[in-house]
Each structure stands twice: as C-alpha cells, then as structure tokens.
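Observations on chain architecture
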Amino acid sequence: MGQRLNLVFWIFVSILAFLNFGMASKIGICYGRNADNLPSPNRVSELIQHLNIKFVRIYDANIDVLKAFANTGIELMIGVPNADLLAFAQFQSNVDTWLSNNILPYYPSTKITSISVGLEVTEAPDNATGLVLPAMRNIHTALKKSGLDKKIKISSSHSLAILSRSFPPSSASFSKKHSAFLKPMLEFLVENESPFMIDLYPYYAYRDSTEKVPLEYALFESSSQVVDPATGLLYSNMFDAQLDAIYFALTAMSFKTVKVMVTESGWPSKGSPKETAATPENALAYNTNLIRHVIGDPGTPAKPGEEIDVYLFSLFNENRKPGIESERNWGMFYANGTNVYALDFTGENTTPVSPTNSTTGTSPSPSSSPIINGNSTVTIGGGGGGGGGTKKWCIASSQASVTELQTALDWACGPGNVDCSAVQPDQPCFEPDTVLSHASYAFNTYYQQSGASSIDCSFNGASVEVDKDPSYGNCLYMIAPATDGFNRTMAGNITGNITAIDSPLASPSSTNEAFRQMVVAVSVLLPCFVVCSSIW
C-alpha cells in the first residue's frame, strides 16, 4: 500500500511539474531616482497602480518610497547600493540595524520580495566584488533572525560584460577574472533558491556594432534568423541570444538549474548626435515587442517555455545621471508624469509599431503628421475635421480644483496613453505653465483619439466640451475627422482602458489562456484520479 501511495504522489508531482501550472512570466518596472525633479513617491505609486504594474525595482531602501507602496500589493525589489557594501560586509550589526530601521517597520504592508546586493559590481570603478557575498550572507543571517529568509530572496544584479564571450550563445562563458567571485555566489543562490540577476541591453550591442548588428534584430523586428553553428538553434532577436548566453555560461559552470531574472532591459528615447537609434519610436518598438515576447511565454531557443521575468528600464528620465545624453533618457515618462511615448504595458494591443530608420535616425514630427491610434485617425490643428459635422473640443473646466485637474492629467498622460510631450518645457504647449492649460491639452487629445464622444470628456467632472477651437500660437489642439454619426470606431480607446484589466502584468497570460491551462490540467489529472482510485 505504501509503495502505491508513493507512486500516486510522484505521478501528481510529475504531471504538475510538466504543466508548470500557475507559472507565468512577469513584467516589472525599474524606478530609479537619480534626478532632482521627480514627483513624490506617493504620486509615483499612484502612477504605477494606474498602470496595473505589479512588480517594481528600486535601488535602495528609501523609507518614503517603502511607505508609498504600502498596502498596494505591488512586489518590491529593493537594492543595496555599492557604496553600502563595505559596511554590510564588515559587520553583522550594521545589517541588523539596517533591517530593523528600513525593512521590518514596513514589512509586510510593503511587499518586499527580493534584495539586490550591489549594482553591476564587476563594472564598478572600485571593484567591490569581494564585498558582495559577505554582504549577502550577513543580510541572509539578519533575515533568518526575523523569520524572513524564506520570504525575501537575496541576489546581485550584473552586466552582460561579466561574460568574456557571448556569441555564439552556446560558447558563452563567464570571464575568468570573476570566477573566484562567481562560484561561491552561485552556490549561495542555489542554496537559497535565489535567481541570478542580469541586466540585458541589446541597444548597446547595436550602438557599438551598427555595421554587424541589424537594428531590426535588436528591436525584435527581424525577418531573418541568426544560427548558432554549434547547436543549430535559430535566433530572431538579440535579447534571446543574450539571455541564452547566460544560460549556457551557467551550465558551463555546472549551475544549470539556477533561474535567471532580467533585472533591467530597455531602450533610450534620446541620445547624442551619433546615437541615431535613440529615438522615441525605437524605444516604443523595443519595449512593446519585449513585453509581447515575455508575456507570450515562448522562452528562448535554448529553453523553450522557460519563465522569463523582466524589469523594464526605466520609469522616468533621470536628469542627474552622468555620461552621454542617452544615459538621462531611458524613461517612459517625463519627470512630471507625462509619457515620453505611449507604451501598452499589457502587451495585448497587436497594432504594429514602427521603428525609426536606422540610417537617418529621423522620426515623424508630431506637430505635422497624423496620429494613428488603433483605427482612429486624428489630425493636428484647429482646421481639421472635414465633412459637415459640428467640431468639438474637450478642455479642462475652470470650476475644477487643481487637485482634481492634476489627478485627471496624470491619468490621461499615463494610463490614458496620451502623448503629453507638447506640454513639456520648451515645447509649443508648455506656456502657460498651469495645470489648467496642460490638462486642457491632454483632455482634448484623449477625447479626440477616443472618438470625440461626450463620454470621453468626463474626467470625473473636471472637463467640458466646447465648440470653439482652443488652439493658440503654435499650440495646436487635435480635432477628429467629422463622421456621419454611424462610422465612428472606438478601437483607438483600447490601449487607454488598461485599468479595466485585472492585473495584466501579474498574470501575463490572457483570461482565455488561463482557462485553457485549467482545462488541460483537469483533462490530464482527472484520468489520473480514476487510475489512482482503481489502485487504491
């Protein structure tokens, strides 16, 4: 009887492992704060909640940030800066104090799930690699004292430069100069079931080798494939090739079972004159295609079906970051919360995205070109809207409070997917620099893109419809082409309704896919129940 019970148990375990039931890849966002003009942590938390993003990486354990994410259900990865590694590595008491002051008072209300110890230490000028593992062990000891060692994972994020060779992926290997540091750290990760964290940037590979790397290959847009001659595996994008290089390098060190987490990946929207690929169009194309790739759960050529967790870099442009121009322009949002480009974080909008020409680096001018959003075409300027229909605009109500207007503006420029770049400093609609003026531009853009129906000009009572063109100077307000009352389409509003989707990033698979998985599970497990009953 005991042998039969054991057999039944292992049948169930094997089936569940095969199905990988309940597992899905995750998309998170990196919230860096190397800027002097960012919104308060509370405002940032509201923005992230509006976007339905459930996973956030921060780079320290700032108390105001931890408080802002309390009771939101958002999972936080916090960081230990390189500057703190020495103190964390030297004395257990330093870590105990840090945990008591910065973590325990806010946990579990603030859902801290992992700690990244150090940031790309192998590339840091002070070479703090020798401090990372002692710091990780001291943090683990402190967590264990508090009973949190099984609830909060500990790891360290690395640059792809930790590899001495990355192509072909099957030949990838870690740099020998880091082997003394890596092996014991990987043993720690295995012992504590923590992931190996890596930051992947196809942008840099393209920028530094434009004559060898096609832009389309870096942007997930390639129609051809690259062959790994040793394995015959085919790669249609650089992200998969870089990720598989890490898998193969880990396997070469006999750490094949270590899970890999991509803790940064993104594309800059602006760069120096030589960085012609750093454009909003390319940034939108890369991040859109990355999201779609991850939530589709295809895995990689070397690990098909493997769960991939990715944190997009970054939430905001950070104006205090040193280096060339692109370093300060990785954000999806400007400091005031308006979007640099309208990214669909759900990955469910299948509208093709068009990257910038890789040779000229040019992009269409938003002040002169039609904006295509879903099936709605919107022209710029007060003279648009042919046909005999009455032209209307949606502007902010002068009766609304500043708080009401700001809340609605944040929504329009965030989850509403309005391109609010025109109200940024030095742009045509920045002046007058008031919430009322900026909100009017954003409200009208959303209204026109959504089909210009009265319901699209509600904003909780903070807006009104008008029949007088609010354009002024060089600030031109959109006007939707007139319709006959029967042909208006609401497809343009699809990407704006992301708040109506239940946690799309926490559960990347669609509802239908989740249901399909449940049906598969039942269809496989039910016969097993019958067999087991007969055995019993």
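Residues numbered from 1 in each chain as written. Predicted model: local features only at pLDDT ≥ 70, side-chain atom pairs only at ≥ 80, totals over all residues. Heavy atoms only, no water.

Where an unreviewed UniProt entry is consulted, the protein appears under the name glucan endo-1,3-beta-D-glucosidase, with the organism given as Arabidopsis suecica. The Catalytic activity (unreviewed entry) field of the UniProt record for the protein holds the comment "Hydrolysis of (1->3)-beta-D-glucosidic linkages in (1->3)-beta-D-glucans." (UniProt positions renumbered as here; feature names shortened; annotations may be inferred.)

Moving on to empty space enclosed by the protein. This structure, assessed with the given rule, holds 2 cavities of 30 Å³ or more. Considering only enclosed or pocket space, the second largest cavity measures out at about 30 Å³ in volume. Along the walls of the second largest cavity sit Met 332, Phe 333, Asn 339, Tyr 341, Leu 343, Phe 345, Cys 413, Gly 414 and Asn 417, which together make up its complete lining. Along the lines of polarity and charge, the residues of the lining of the second largest cavity split into 6 nonpolar, 3 polar and no charged. (1 Å grid on protein atoms, 1.4 Å probe; cavity = no way out; pocket = protein on both sides within 12 Å on 5 of 7 lines; lining within 4 Å. Points joined across faces, edges and corners; volume = space filled by probe spheres on them. Nonpolar A, V, L, I, M, F, W, Y, C, P; charged D, E, K, R; others polar.)

Positionally, Asn 192 belongs in the loop between α7 (179-191) and β8 (196-199). For Asn 192, a relative accessible area of 14% translates into the label buried. Here His 140 takes part through its side chain, which lies 2.8 Å from a polar atom of the side chain of Asn 192. Not counting chain neighbours up to four residues away, the residues in contact with Asn 192 comprise His 140 and Lys 153. (Helix = DSSP H or I, 4+ residues; strand = E, 2+ residues; numbered from the N terminus. Buried < 20%, exposed > 50% of the residue type's maximum accessible area, 1.4 Å probe, protein only. Polar contact = N/O pair within 3.5 Å; in protein donor to acceptor, adjacent residues only side chain to side chain. Contact = heavy atoms within 4.5 Å.)

On to helix α11 (residues 280-295), then. The end-to-end C-alpha distance of α11 is 22 Å, a good match for the 22 Å that 16 residues give at a rise of 1.5 Å each. Counting buried positions over the 16 residues of α11 gives 13, a clear majority of the element. Looking one or two places after α11, you find Asp 297, whose phi comes out positive at around 55 degrees. (Expected span 1.5 Å × (residues − 1).)

Our focus in this paragraph is the state of the cysteines. Taken as a whole and judged by the stated rule, the model has 3 disulfides. One disulfide bridge connects Cys 394 with Cys 457, the sulfur atoms lying 2.0 Å from each other. On the sign convention where negative is left-handed, the bridge of Cys 394 and Cys 457, at about 85 degrees about the S-S bond, is right-handed. Here Cys 394, found in strand β15 (residues 393-396), pairs with Cys 457, found in the loop between α13 (435-449) and β16 (463-466); they are 63 residues apart in sequence, far enough to count as distant. By relative accessible area, Cys 394 is classed as buried at 0%. With a relative accessible area of 8%, Cys 457 lands in the buried category. For Cys 429, the disulfide goes to Cys 475, at an S-S distance of 1.9 Å. Note on the Cys 429 and Cys 475 pair: the S-S dihedral is about 105 degrees, so by sign convention the disulfide is right-handed. Residue Cys 429 is found in the loop between α12 (402-413) and α13, and its partner Cys 475 is found in the loop between β16 and α14 (511-535); the two are separated by 46 residues along the sequence. Its relative accessible area of 3% is what places Cys 429 among the buried residues. (Disulfide = S-S within 2.5 Å.)

The next point concerns the packing of aromatic side chains. Per the stated rule, a full pass over the model turns up 19 aromatic pairs. For the ring pair Tyr 203 and Trp 330, a centre distance of 5.7 Å and an interplane angle of 90 degrees mean the geometry is edge-to-face. On the criterion of sequence distance, the pair formed by Tyr 203 in helix α8 (residues 202-208) and Trp 330 in the loop between β12 (309-312) and β13 (371-373) is long-range, its members being 127 residues apart. In terms of burial, Tyr 203 and Trp 330 fall into one category: buried. Grouping aromatic residues by their ring pairs yields a cluster made of Tyr 201, Tyr 203, Tyr 204, Phe 220, Phe 239, Trp 267, Tyr 286, Phe 313 and Trp 330. One residue, Lys 303, lies across the ring of Tyr 247, its end atom 4.7 Å from the ring centre. (Phe/Tyr/Trp six-rings, centres within 6.5 Å; stacked < 30°, edge-to-face > 60°. Lys NZ or Arg CZ within 6 Å of the ring centre and 35° of its normal.)

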